[in-house]
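Fold and geometry: a report
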Amino acid sequence: METNPKKKNSLKHVLFGSLIGTTIEFFDFYIYANAAVLVFPQLFFPGSNATMATLESLATFSIAFLSRPLGSAFFGHYGDKIGRKFTLVAALLTMGISTVAIGFLPSYASIGVAAPLLLMLCRFGQGVGLGGEWGGAVLLAIENAPPNKRAWYGMFPQLGAPIGLLLSGGTFLFLTDSMSNEDFMDYGWRIPFIASSLLVVIGFYIRTKITETPSFENSKKEQEEVKIPFLVLVKSYKNQLIFGTFAAITTFLVFYLMTVFTLSWATSDLGIVKRDGLLIQLFSVLFFAIFIPVSAVVADKIGRRKMLIIATVAIGIFGFFFSYFLSSGNIVLVTIFACIGMALMGFTYGPLGTFLSELFPTNVRYSGASLTFNMAGILGAAFAPMIAIWLASTYSVSYVGIYLTIAACISLFSFLVISKEEHKF
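What you see is a predicted model, and the numbers here were worked out from it, not measured in a lab. (Residues numbered from 1 in each chain as written. Predicted model: local features only at pLDDT ≥ 70, side-chain atom pairs only at ≥ 80, totals over all residues. Heavy atoms only, no water.)

Turning next to the overall build of the protein chain. Per the secondary structure count, the protein chain includes 20 helices and 0 strands. Taking 22 Å as the expected radius of gyration for a compact globule of 425 residues, we find that the protein chain reaches 21 Å, a close match to that expectation. In terms of overall dimensions, the protein chain has C-alpha extents of about 70 × 45 × 35 Å along its principal axes. Across the 425 residues of the protein chain, 60% fall into the buried class. Relative to all contacts within the protein chain whose residues are 6 or more apart in sequence, the contacts with residues 24 or more apart total 86%. A total accessible area of about 16600 Å² is found for the protein chain, and carbon and sulfur atoms account for 69% of it. Between the mean site of the 28 positive side-chain charges and the mean site of the 22 negative ones, the protein chain shows a separation of 9 Å. (Helix = DSSP H or I, 4+ residues; strand = E, 2+ residues; numbered from the N terminus. Rg over C-alpha atoms; globule rule 2.2 N^0.38 Å. Buried < 20%, exposed > 50% of the residue type's maximum accessible area, 1.4 Å probe, protein only. Contact = heavy atoms within 4.5 Å. Areas by Shrake-Rupley, 256 points an atom, 1.4 Å probe, with all protein chains shown as cover. Lys, Arg positive; Asp, Glu negative; His and termini not counted. Charge placed at Lys NZ, Arg CZ, Asp CG, Glu CD.)

The structure is reproduced here in structure tokens:
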């Protein structure tokens, strides 16, 4: 008989602990996305024309997606072996230190080519940290959830994405409004990167208060631990890894088309000033945030797979309307476009973490969910802004929409053929 049972996580600690971590992680991640469009082309990639400078800056943006699977493999391994709690804290610190370091980097004018190289190194660290953070945060939520509310619990870490984006966009908007362009380019852009250290301290404190999930503890008691989770995944769960990855690519693609590409295209080619571009983005994120819980409620009623299939079909249809909204240059149409796109993003993003986690058993769940999610990030988002800008510049905006529709067809096929085996929690 167990005389000293471990204290269970309270609902407050579970949901706030999963939400606060992903909010910090995505805040760090998105301040880089904003800076990659608004700041880094001038400070780290001077000498080329404006379009090439933007493309070079966005190339560093993609580095984090390439490093995220490494973070998934590393943190997932230890998350499945020694527990979710320690891994979540380590991933948070990795991301936080990399972000703060960017705020202290000298520009190209100061140290030459070493400046973009150091920027790329920090971006690599951001990706490794986020690769380990997301999976652990989702598991913290759903492995403490009752069976009929897994999508609802699992949507709390997903809410970190729109909240982090609102904080990052709002910070940049405040800074650009409150100081001259010269001061902003000189030191103002550094403030959000350095200030993120305060958020990391809060997240670190909360994460240390959390105990292990019941699912992980039960798995340990039943001696289900595997030696190398990654090898077990490749050997026994290839269907889930491959089709889970392709199922999630549309989620990544629609998000980065709605944020990075739309902000870049609106401010550089449609003549919309940066401030208005940021306001449009911030307003549209509200729709993202609203439809995450809406989709979770529906997903718990009709099933996660069915909800994601419906959302994917809607995104595929949405791709055909890119030219109508973005070719006009009308700020109202651009705003409507962003809001619709972000609402669709909420519908697909809300249940995604729960769906991917349910594909794998507890002893490889951290590794499996993290790898599928972050491999989808490479295919769906790593080069998406650059590809979209190239398509729009070389051909037309309508080709960007076709690009999205093709991705939606791939995801739809994957949802239909992926293994339907259910695993215990």
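From this point on, the discussion continues.
To continue, consider helix α3 (residues 50–81). With 32 residues, α3 extends 48 Å from end C-alpha to end C-alpha; this agrees with the ideal 46 Å at 1.5 Å per step. One or two positions beyond α3, positive phi appears at G83, with a value near 130 degrees. (Expected span 1.5 Å × (residues − 1).)

Note on placement: S328 falls in the loop between α15 (322–326) and α16 (331–349). Separated by 301 residues in the primary sequence, S328 and F27 place their C-alpha atoms 31 Å from one another. Apart from residues lying up to four places away in sequence, S328 is in contact with S323 and L333.

Take the confidence of the model for the protein chain next. Considering every residue of the protein chain, the mean pLDDT works out to 86; 96% of them sit at 70 or more. The low-confidence segment residues 1–5 (pLDDT under 50) makes 1 contact with residues lying over four places distant or belonging to another chain. (pLDDT = per-residue confidence, 0-100.)

What follows concerns the pattern of salt bridges. This model, assessed by the stated rule, comprises 5 salt bridges. The salt bridge involving R150 is made with E358; its shortest N-O contact spans 3.5 Å. Of this pair, R150 sits in helix α7 (residues 150–178) while E358 is found in the loop between α17 (352–357) and α18 (362–382), placing the two residues 208 residues apart along the sequence. In this pair, the class of R150 matches that of E358, namely buried. When the shortest N-O distance is used, the salt bridge between D300 and R304 registers 2.9 Å. It is possible to trace a salt-bridge network through shared partners that takes in R150, D300, R304 and E358. (Salt bridge = Lys/Arg side-chain N within 4 Å of Asp/Glu carboxyl O.)

A contiguous nonpolar patch, built from I242, F246, L379, W390, Y395, Y399, I402, I406 and I410 and spanning about 860 Å² of accessible area, is present on the exposed surface. Those elements that provide at least two residues to the nonpolar patch are α12 (238–268) and α20 (397–417). Looking at the nonpolar patch element by element, the count peaks at 4 residues for α20. Its place among the elements puts W390 in helix α19 (residues 384–394). Its relative accessible area of 47% is what places W390 among the partly exposed residues. (Patch = residues over 30% accessible without salt bridge, like charges linked within 9 Å, V, L, I, M, F, W, Y side chains within 5 Å.)

Another point: the packing of helix α8 (residues 181–188) against helix α9 (residues 190–208). α9 packs onto α8 with a crossing angle of 40 degrees between their chain directions and a minimal axis gap of 7 Å. When the axis of α8 is compared with that of α9, the two are oblique. Contact residues: α8 offers D186, Y187 and G188, while α9 offers R190, I191 and P192. Of the residues in the contact of α8 with α9, the class split is 3 nonpolar, 1 polar and 2 charged. (Axes fitted to C-alpha atoms, helices over the stretch in contact; angles between N-to-C directions. Parallel < 35°, antiparallel > 145°, perpendicular 65-115°, else oblique. Nonpolar A, V, L, I, M, F, W, Y, C, P; charged D, E, K, R; others polar.)

The next subject is the packing of aromatic side chains. In this description, an aromatic ring pair is defined by two values, namely the gap between the centres and the angle between the planes. Tallied over the entire structure, the rule returns 29 aromatic pairs. Note on Y30 and F255: the rings are 5.3 Å apart at their centroids and 35 degrees apart in plane angle, and the pair reads as tilted. Placement of the pair is Y30 in helix α1 (residues 11–38) and F255 in helix α12, with a sequence separation of 225 residues. A residue is classified by how much of its surface remains accessible, and Y30, at 4% relative accessible area, is buried. Among the residues examined, F255 registers a relative accessible area of 3% and is labelled buried. Ring centres of F255 and Y256 lie 4.9 Å apart, and the angle between their planes is 90 degrees; on these two criteria the pair is classed as edge-to-face. As far as the burial class goes, F255 and Y256 line up, both buried. (Phe/Tyr/Trp six-rings, centres within 6.5 Å; stacked < 30°, edge-to-face > 60°.)

Relative to the elements of secondary structure, A289 occurs in helix α13 (residues 274–302). With 265 residues separating them in the primary sequence, A289 and I24 have C-alpha atoms 16 Å apart. When sequence neighbours within four positions are dropped, the list of residues in contact with A289 reads L159 and P162.

Our next topic: the nonpolar core. Ranked by internal contacts, the top residues of the largest apolar core, which has 127 residues, are V39, F40, Y256 and F322. For this core, the element with the highest residue contribution is α12, accounting for 16 residues. For F40, the contacting residues outside a window of four places in its chain are Y32, A35, F45, S57, I102, L119, W189 and F193. (Core = buried A, V, L, I, M, F, W, Y, C linked by side-chain atoms within 4.5 Å.)

Before going further, it helps to spend a moment on the packing of α1 against α3. Contact pair α1 / α3: the axes reach a minimum separation of 8 Å and the direction vectors enclose 155 degrees. As the angle between them shows, α1 and α3 are arranged roughly antiparallel. Seen along the crossing, α1 lies across α3 with a hand that is left-handed. Where α1 approaches α3, its residues F29, Y32, A33, A36 and V37 are matched on the opposing element by S57, L58, T60, F61, A64, F65 and R68. Split into classes, the residues belonging to the contact of α1 with α3 amount to 9 nonpolar, 2 polar and 1 charged. (Left-handed = near helix turned anticlockwise from the far one by under 90°.)

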